[in-house]
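Notes for the structure review
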Amino acid sequence: MATLNQLVIGASIGAVLLLIALGLTFTFGQMGVINMAHGEFIMAGAYTAYLLQPLVGTQSVLVALPVAFAVAGVLGLILERLAIRHFYGRPLDTLLLTWGISLVLQQVARDIFGAPNVQVRAPGWLTGGLDLGVRLPYNRVFIMVLAVGCVLAIWLYLTRLRHGRRMRAVMQNRQLAAVSGVATERVDQLTFFIGSGLAGVAGVALTLIGPVGPTLGTNYIVDAFLVVVAGGLGQLRGAVIAAFALGILNSFVEFWVDNGASLAKVVVFAVIIGFLQLRPQGMFVVRTRALS
Amino acid sequence: MPRGVRDRLVMLAAAATLLAAAGCAEDPTTASGAGSGSTIKVGILHSLSGTMAISEVTVRDAELLAVEEINAAGGVLGKKLEPVVEDGASDWPTFAEKAQKLISQDRVATVFGGWTSASRKAMLPVFERNKALLWYPVQYEGLESSPYIFYTGATTNQQIVPGLDYLREQGKKSIFLVGSDYVFPRTANKIIKAYAAANGMTVLGEEYTPLGHTEYSTVVNKLQQAKPDAVFNTLNGDSNVAFFKQLRSSGITAEAMPTVSVSVAEEEVVGIGPENVAGHLVAWNYYQTTSGARNEKFVQAFKAKYGAAKVTSDPMEAGYNAVHLWAEAVRKAGSVDVEAVKKASAGISLEAPEGTVTIDGENQHVFKTARIGLVQPDGQIREVWNSGQPIKPDPYLKGYPWAAGLS
């Protein structure tokens, strides 16, 4: 009973991890760009929900999902066009660049919205929960459904749509894709738009759990990178499994150990380090003949 | 391919290092010169950003109101007060650094500041080393009495012990402790466990989460398994928002399992959402609803300055009192000299919004009335019990035999 409850909690933590990591499987996993400002796109999505609240009232979360996707996506596109594209192939410079940008964005948020954290009120139908022996809070169910929905949408996009297939082609072998007539630069832009937009969606989901502040993204960025690395770079399947595995591991360690909140984090880190010793490529690897 | 992966991992490690460094990043502030001439500089040092800002910004506001009132009445010793405001950024080393800056660069006469005990412990050596004065306005875990700190919030025997007495009177026999992972909750819980052992209460569990933590479903699940009569909550900052939201959405009601919070006041209730915390208990020395003409005046003045929608709370009132108490001590001493002010402060009394407060010369704490309150659906707190008269501060709990082993 308690164990089942904890499994549900783990799955809901996993869903949150998955949502915040999805965007990174594109920009970090596929393009190899370490975008330290990814967390700030999460924050931008969360603040979008906050800003929409007085305009559209209690249903703001639903309206915010597409709007936040667009806002964060456009921010990502601007970042890619103005800065990151000049640094392709120079990962260390990209790292410093995007880290600086993330600090700038945090300060901008602090100036616009004030330093204290703000709250987004959940719509009425998201408060309370479902009792099926175990208690399923509606906001958690919503996040899980959202995460599953996003994964499905991405999977369909990557496998069924022409744009998605082009994206995979570029990620697997840029030169070959280019000589085959794929406009790689356009594909890069689109990839960055989608990856950043997904961060915005994750931001909206996070408003259902806790407060919104300028450092919201920073709190989650490390977890997001962990999921992508453990799952295997650019692997949707890997990210899904890694997110839920880490979420469930976290929730059980926290439950079994007295005063487990801090220790759970330690155990998760240790497990990932151990895992990467055994499988440095993560759970899944793309096999290509590209020289790296 | 493995090579590429390894490179990316190295990059990530570098990224993590940067993130860690970001916590220590500090902007150099330009020197503003020593205070002289027609004003007296006073430092105000609170977290204006980060997880503690939800609470501390309001204390700064209240302190600035007191400074304004003193200036409107002609200042002290014929000079106006000039506040120098700094941001501790919810980061304890920053507090120490900014305190040093206020003392040696701005040469302030005194500093009003801090909220978490971690920030106070970080500032304490700075003030002791410089022989400078700090006025700390928040309830805390006791077991401290620095000669260079005045404590205008409650110590344990003025808040936590009365809170436990109240629970016992209500017939609550088992409690569960939930707190943030730093010095105040851990020390407070040590005291609570000693009390429980001596008074026939059972402590069913003890959970700590990092400051800023927002994932409370596991803690809530543990509460559901343990089924305590009441929860003693020492969470700080906006973790309370997540905790109460998740407590409510799990279906636990205030009737079935009331919580007693010692760091949730009117301001935090606004942030948590009154509907999420209504019916739960809090323990403080002051509420916005505390009766008396002095409090009406304080509430009115605060709303006039900051907006009608603003609320007043215990730490705000204690910060406001601190500024007025310091001004009184300066007037009595005839100087802003630290040693003279300390000497003059003993026994100084103030008609404060919470009632009469008096500085105890022995330990530089103040006599305060304890009050237990019930959070109302409109976000205000209704007093359900008070101690009748100001309680003498006893930071080391010397008057309580059960506390003999604590340190």
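Residues numbered from 1 in each chain as written. Chains lettered and ligands numbered in written order. Predicted model: local features only at pLDDT ≥ 70, side-chain atom pairs only at ≥ 80, totals over all residues. Heavy atoms only, no water.

A count of helices and strands for chain A gives 11 helices and 2 strands. Order of helices (α) and strands (β) in chain A, N terminus to C terminus: α-α-α-α-β-β-α-α-α-α-α-α-α. In terms of C-alpha radius of gyration, chain A reaches 19 Å, essentially the compact-globule figure of 19 Å for 292 residues. Expressed as lengths along the three principal axes of its C-alpha atoms, the size of chain A is roughly 55 × 45 × 35 Å. Residues classed as buried in chain A amount to 55% of the 292 residues present. For chain A, contacts bridging at least 24 residues in sequence account for 75% of all contacts bridging at least 6. Accessible surface for chain A amounts to roughly 12300 Å². Of this, 67% is attributable to carbon and sulfur atoms. Mean positive and mean negative side-chain charge positions of chain A (19 and 10 charges, respectively) differ by 14 Å. (Helix = DSSP H or I, 4+ residues; strand = E, 2+ residues; numbered from the N terminus. Rg over C-alpha atoms; globule rule 2.2 N^0.38 Å. Buried < 20%, exposed > 50% of the residue type's maximum accessible area, 1.4 Å probe, protein only. Contact = heavy atoms within 4.5 Å. Areas by Shrake-Rupley, 256 points an atom, 1.4 Å probe, with all protein chains shown as cover. Lys, Arg positive; Asp, Glu negative; His and termini not counted. Charge placed at Lys NZ, Arg CZ, Asp CG, Glu CD.)

Moving on, we come to the packing of helix α1 (residues 2-30) of chain A against helix α9 (residues 216-231) of chain A. All names here are of chain A. Remark: α1 packs on α9, axes separated minimally by 8 Å, with the N-to-C direction vectors making an angle of 70°. It follows from the interaxial angle that α1 and α9 lie roughly perpendicular. Remark: the crossing between α1 and α9 carries right-handed chirality. Of the residues in α9, those in contact with Val 16, Leu 17, Ile 20, Ala 21, Leu 24, Thr 25, Phe 28 and Gly 29 of α1 are Tyr 220, Asp 223, Ala 224, Phe 225, Val 227, Val 228 and Val 229. Residue composition of the contact of α1 with α9, grouped by class: 12 nonpolar, 2 polar and 1 charged. (Axes fitted to C-alpha atoms, helices over the stretch in contact; angles between N-to-C directions. Parallel < 35°, antiparallel > 145°, perpendicular 65-115°, else oblique. Left-handed = near helix turned anticlockwise from the far one by under 90°. Nonpolar A, V, L, I, M, F, W, Y, C, P; charged D, E, K, R; others polar.)

So, on to the UniProt feature "transmembrane region" (unreviewed entry) in chain A. In this numbering, the UniProt entry assigns the feature "transmembrane region" (unreviewed entry) to residues 6-26, 58-79, 91-109, 141-158, 190-212, 224-249 and 261-278 of chain A. The span residues 141-158 of chain A is 100% helical and 0% strand by assignment, and the distance between its end C-alpha atoms comes to 26 Å. (UniProt positions renumbered as here; feature names shortened; annotations may be inferred.)

The next point concerns a nonpolar patch on the surface. Residue and element names in this part refer to chain A. Side chains of Leu 55, Val 56, Leu 62, Val 63, Val 67, Val 71, Leu 75 and Trp 125 sit close together on the surface and give an oily, nonpolar patch of about 630 Å² of accessible area. Ranked by residue count, the leading element in the nonpolar patch is helix α3 (residues 60-82), at 5 residues. Positionally, Leu 75 belongs in helix α3. (Patch = residues over 30% accessible without salt bridge, like charges linked within 9 Å, V, L, I, M, F, W, Y side chains within 5 Å. Salt bridge = Lys/Arg side-chain N within 4 Å of Asp/Glu carboxyl O.)

Below, the discussion takes up a positive patch on the surface. Residues and elements named next belong to chain A. A grouping of Arg 160, Arg 162, Arg 165, Arg 166 and Arg 168 is seen on the molecular surface, where their side chains present a positively charged patch. When residues of the positive patch are assigned to their parent elements, the largest contribution, 4 residues, is made by helix α6 (residues 162-172). Topologically, Arg 166 is positioned in helix α6. Under the relative-accessibility criterion, Arg 166 is labelled partly exposed at 33%.

Residues and elements named next belong to chain B. Within this structure, the stated rule accounts for 23 salt bridges over all chains. A salt bridge links Arg 120 to Glu 144, with the nearest nitrogen and oxygen atoms 2.9 Å apart. Taken together, the residues span a long stretch of sequence, with Arg 120 in helix α4 (residues 117-130) and Glu 144 in the loop between β4 (134-136) and β5 (149-151) at a distance of 24 residues. Here Asp 360 makes a salt bridge to Lys 392, at a shortest N to O gap of 2.7 Å. Separated by 32 residues along the polypeptide, Asp 360 in the loop between β12 (355-359) and β13 (366-367) and Lys 392 in the segment after β15 (381-386) bring together distant segments of the chain. By relative accessible area, Asp 360 is classed as buried at 5%. The exposure class assigned to Lys 392 is partly exposed, which follows from its relative accessible area of 39%.

This part is about the environment of Ala340(B). Position of Ala340(B) relative to the elements: it lies in helix α13 (residues 338-345). Since its relative accessible area comes to 26%, Ala340(B) is described here as partly exposed.

With that settled, consider the sheet that holds β15(B). Remark on secondary structure: sheet strands pair via backbone hydrogen bonds, oriented parallel or antiparallel. Residues and elements named next belong to chain B. On the basis of which strands lie adjacent, the open sheet formed by 7 strands has the order β7-β6-β8-β9-β10-β14-β15 and mixed pairing. Of all the strands in the sheet, just β7 (202-209) and β15 have a single pairing partner and so form its edges. Mean inter-strand twist for the sheet, computed between neighbouring axes without regard to direction, equals 25°. In this structure, strand β9 (residues 259-261) lies alongside strand β10 (residues 281-284), joined through 2 bridges in parallel fashion. Along β10, the bridge assignment pairs Val 260 with Leu 281. Across the face of the sheet, helix α8 (residues 239-249) comes into contact with β6 (174-180), β8 (230-234) and β9 while running at roughly 170° to β9. (Pairing = 2+ DSSP bridges.)

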